[in-house]
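# Secondary and tertiary structure notes
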Amino acid sequence: MSETSRNPRRALSRALTRIANADVAETLAQQSGATTPEMSRIGVTGAPGAGKSTLIARLAKLRKVEEHKIAVLAIDPTSPVSQGSILGDRIRMDSIADDPDIFIRSIPSRRAHDGLTDNTADLLNAMEGHGFDEVILESVGVGQAEYTIRTLVDTVVLVLLPESGDAIQAMKAGILEMADIYVVNKADLPGAELMAAEIAQVAAHQSADDWTPPVISTSRDDPNGFAELDAAITAHTEWRKTHLDETASRRARARYQAQGLLSRRIDEIVDADSSLLDLDPQGLFDALIDKLNPKSRGA
Ligand SMILES: Nc1nc2c(ncn2[C@@H]2O[C@H](COP(=O)(O)OP(=O)(O)OP(=O)(O)O)[C@@H](O)[C@H]2O)c(=O)[nH]1
Ligand SMILES: [Mg+2]
């Protein structure tokens, strides 16, 4: 066992595994003690292969230097066939995998279709109160993921690739309005400068309450870009403290989490008795309400 498995971490790692596999009742039982969210949440999203893991490994090291305690939670796309994780994100986070000061966990994306797990909210909540100053969440961007991530984290970093048509796609999908920080990654590839300029134009119109999302070019062989990204995240964290409506964002997270739990519970009920699906919509709705009642739980 490596240094990363010292006891508190091992306990957290086990808790995350339990939550990753838990049914709704278990998930709720594990979250009875409400914690104060002191942990800053940075979400890194972008198309498959955009270089998110490589970038997070660099970033985590830089942010740790600021005496921050950093955790990384990577949601791995799940193969629908094997229900297993099709790639180990740790592979591209080798440079930090054995760092005792950085907690890394990779979780298969399970049921959810938005590039996250159907219980990412629960996983993040479980990490609160474990002494981390910051968690960096990696998720594959598949359109809907950006909207969910917006709700679940404090700072959204969108990683785009030059020459991929990413910028245009993202603009069409409205995703370019989601991010707090844009990264044009793999800036060693052709077209990066042009793309950064294009995105900067869009970002300039996006400024809300005097935060204009910066556009940062990064490449794995150039430390300057990561330093700039690190500084931008710190700046956004500071900005947020005075501009974010905490009640609104806490409520949005609570709503998302409740929706997730209810939708999972409905799946559990229907999986246990698929004949419910033969009822008409009103009958199905009534039957579900009845079964959602805690008194009939387990019935
Ligand atoms: N040219 C170039 N390639 C890079 C750079 N950063 C990462 N890569 C390569 O891009 C590929 C994908 O990198 P990852 O870091 O795994 O990307 P990811 O976005 O985490 O991928 P998924 O988690 O599968 O969505 C790997 O082959 C990396 O070696 C870069 O700055 N320049
Ligand atoms: Mg990755």
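What this report covers is the structure whose coordinates are included nearby. (Residues numbered from 1 in each chain as written. Chains lettered and ligands numbered in written order. Predicted model: local features only at pLDDT ≥ 70, side-chain atom pairs only at ≥ 80, totals over all residues. Heavy atoms only, no water.)

### Thoughts on the packing of aromatic side chains
Threshold: The aromatic pairing rule takes the rings of Phe, Tyr and Trp, using the six-membered ring of Trp, and pairs them if the centres are within 6.5 Å, calling planes under 30 degrees apart stacked, those over 60 edge-to-face and the rest tilted. Segments assigned H or I by DSSP are reported as helices when at least four residues long, segments assigned E as strands when at least two residues long, and all are numbered from the N terminus. The rule is simple: take the accessible area with a 1.4 Å probe, protein chains only, and divide by the maximum for that residue type; under 20% is buried, over 50% is exposed, in between is partly exposed.
Tallied over the entire structure, the rule returns 2 aromatic pairs. With a centroid separation of 5.7 Å and 45 degrees between ring planes, the pair formed by Phe-103 and Phe-132 is classed as tilted. Placement of the pair is Phe-103 in strand E3 (residues 102-108) and Phe-132 in the loop between helix H5 (120-127) and strand E4 (134-140), with a sequence separation of 29 residues. With respect to burial, Phe-103 and Phe-132 carry one shared label: buried.

### Quick look at the nonpolar core
Where a protein is soluble and globular, its nonpolar side chains tend to be buried together. Cut-off, in case you're wondering: Nonpolar cores are built from buried Ala, Val, Leu, Ile, Met, Phe, Trp, Tyr and Cys residues. Side-chain atoms within 4.5 Å join them into one set. Working rule for contacts: check all heavy atoms of both residues, and any pair within 4.5 Å makes them a contact.
Ranked by internal contacts, the top residues of the largest apolar core, which has 33 residues, are Leu-16, Leu-73, Phe-103, Met-127, Val-135, Leu-137 and Tyr-182. Filtering out sequence-adjacent residues up to four positions away, Phe-103 remains in contact with Arg-9, Leu-12, Ser-13, Leu-16, Ile-70, Ala-71, Val-72, Met-127 and Phe-132.

### Regarding unusual backbone geometry
One non-glycine residue with positive phi stands out, namely Lys-186, at about 55 degrees. With respect to the helices and strands, the residue Lys-186 is situated in the loop between strand E6 (181-184) and helix H8 (192-204). Residue classification places Lys-186 among the partly exposed residues on the basis of a relative accessible area of 29%.

### Details of the sheet that holds strand E2 (residues 70-76)
Convention followed: One bridge is not enough; two strands pair if DSSP finds at least two bridges between them. Working convention: axes come from line fits to C-alpha atoms, limited for helices to the stretch in contact. Angles between N-to-C directions cover 0 to 180 degrees.
Across the sheet, 7 strands lie side by side as E3-E2-E4-E1-E5-E6-E7; this open sheet has parallel pairing. In the strand order of this sheet, the two ends are held by E3 and strand E7 (215-217), each with one partner. When the angles between neighbouring strand axes are averaged without regard to direction, this sheet yields 20 degrees. Pairing geometry for E2 and E4, over 5 bridges, is parallel. Bridge pairing in E4 places Leu-73 opposite Leu-137. Each of strand E1 (40-46), E2, E3 and E4 touches H5; the most contacted strand, E2, lies at about 165 degrees to it.

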